[in-house]
Amino acid sequence: EFCRMARAGLDKRLEKHPHRDTLDEKEYRERLEMELKVINDMGFPGYFLIVQDYINWAKRNDIPVGPGRGSAAGSVVAWALGITTIDPLPNKLFFERFLNVERVSMPDIDVDFCEDRRLEVLDYVTQKYGKDKVSQIAAFGKMKAKAVLKDVGRAMGIPFAETTRIAKMIPASDLKMTLKKALDTIPEFAEEYKSKPEIKKLVDISRRLEGLTRHASTHAAGVVVSDKPMEQYLPLFAGRKGEQIAAFDMKFVEKVGLVKFDFLGLRTMTVISNACKNIALQGKPV
């Protein structure tokens, strides 16, 4: 069924192709068959059909959807199924960057939706597959160098202005910065540590807590779908609005055998959609 849908989809794409008279149909069909073999051998047809289903639903309901981003744009199968709208061949996009038999990993199709209506698509998927089988994913905030100083300083009763002054000595541009690295490479920070007992105590306590998980929030895009009730695979917690959230991050949900989908809410899609509607109105009030 999956192969039949992909082949029929390619036929439609080629019929409506702007360069119909000059394109090499054989090249497209050979590429499609090669991709179908890889996708079937890796056991991913279901993934493509689920993505195609919610993208088609969004388009039928006038929810703006992006043309495709990342490595998925290199797939003729994704193009044939309507998941992407970019023809990979004239743009010389490689399928191997997306799926490769030598590096077995889950496909990752990032789909951009209008930011204002992204939740409607998520609601559709929840209704279709069952509330107990669809979940958003947790994202865990870590206590990094600057943040841990502020948290510990607050607990120690050190004035906010003082901990902020110390924390500002650590550059925000270095994402791999640690307190130990700061002591070794930032002279003014090291001097504060050596000369002020209270700052030394602040840094010593902070170093023991640095890197620990501070809080859980909801991942901006990730959603998982399961065949059985989600609670049979992993722990869950309720979000602020009562939504179901998997208490594992995006790497661990895949390790327990669940499939992750990315529903990105993109402000750009909303702006472009509103601009097109306003142009169509030709100055008339809504």
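Note that the structure is a prediction, hence the values are computed from the model and not measured. (Residues numbered from 1 in each chain as written. Predicted model: local features only at pLDDT ≥ 70, side-chain atom pairs only at ≥ 80, totals over all residues. Heavy atoms only, no water.)

Chemist: Requested: an account of the overall build of the chain, with residues and values cited.
Modeler: Check the secondary structure of the chain and you find 12 helices and 6 strands. The C-alpha atoms of the chain give a radius of gyration of 25 Å, which is well past the 19 Å a tight globule of 286 residues would have. Counting only C-alpha atoms, the chain reaches 80 × 55 × 40 Å along its principal axes. Taken across its 286 residues, the chain has 42% of its residues classed as buried. (Helix = DSSP H or I, 4+ residues; strand = E, 2+ residues; numbered from the N terminus. Rg over C-alpha atoms; globule rule 2.2 N^0.38 Å. Buried < 20%, exposed > 50% of the residue type's maximum accessible area, 1.4 Å probe, protein only.)

Chemist: So what's going on with the sheet that holds strand β2 (residues 134-142)? Residues and values would help.
Modeler: Reading across the sheet, the 6 strands line up as β1-β6-β3-β2-β5-β4 and stay open at both edges, with mixed pairing between neighbours. With one partner strand each, in any of the chains shown, β1 (110-114) and β4 (236-238) form the two edges of the open sheet. With direction set aside, neighbouring strand axes in the sheet form an average angle of 50 degrees. Where β2 meets strand β3 (residues 213-225), 8 bridges bridge the pair, whose relative direction is antiparallel. Considered in β3, the bridge of A138 is made with T218. (Pairing = 2+ DSSP bridges. Axes fitted to C-alpha atoms, helices over the stretch in contact; angles between N-to-C directions.)

Chemist: Describe the environment of F2, with residues and values.
Modeler: With respect to the helices and strands, F2 occurs in helix α1 (residues 2-15). When the C-alpha atoms of F2 and L49 are compared, they prove to be 7.4 Å apart, with 47 residues separating the residues in sequence. Setting aside residues up to four positions removed in sequence, F2 forms contacts with L36, I39, N40, P45, F48, L49, V77 and L81. (Contact = heavy atoms within 4.5 Å.)

Chemist: Explain the pattern of salt bridges to me, and be specific about the residues and the numbers.
Modeler: Side chains bearing opposite charge may pair, as long as their charged atoms lie close to each other. Following the criterion strictly, the structure yields 23 salt bridges and no others. Close ionic contact of D112 with R69 constitutes a salt bridge, the shortest N to O distance being 2.7 Å. Taken as a pair, D112 in strand β1 and R69 in the loop between α3 (45-60) and α4 (76-80) lie far apart in primary sequence, 43 residues in all. Owing to a relative accessible area of 32%, R69 belongs among the partly exposed residues under this scheme. Across the pair K180 and D184 runs a salt bridge, and its minimum N-O distance is 3.1 Å. Placement of both K180 and D184 in helix α8 (residues 179-185) is noted, with a separation of 4 residues, approximately one turn of the helix. Connected through shared salt-bridge partners, E162, R165, E192 and K196 make up one network. (Salt bridge = Lys/Arg side-chain N within 4 Å of Asp/Glu carboxyl O.)

Function cannot be read off these values alone, since they describe shape.
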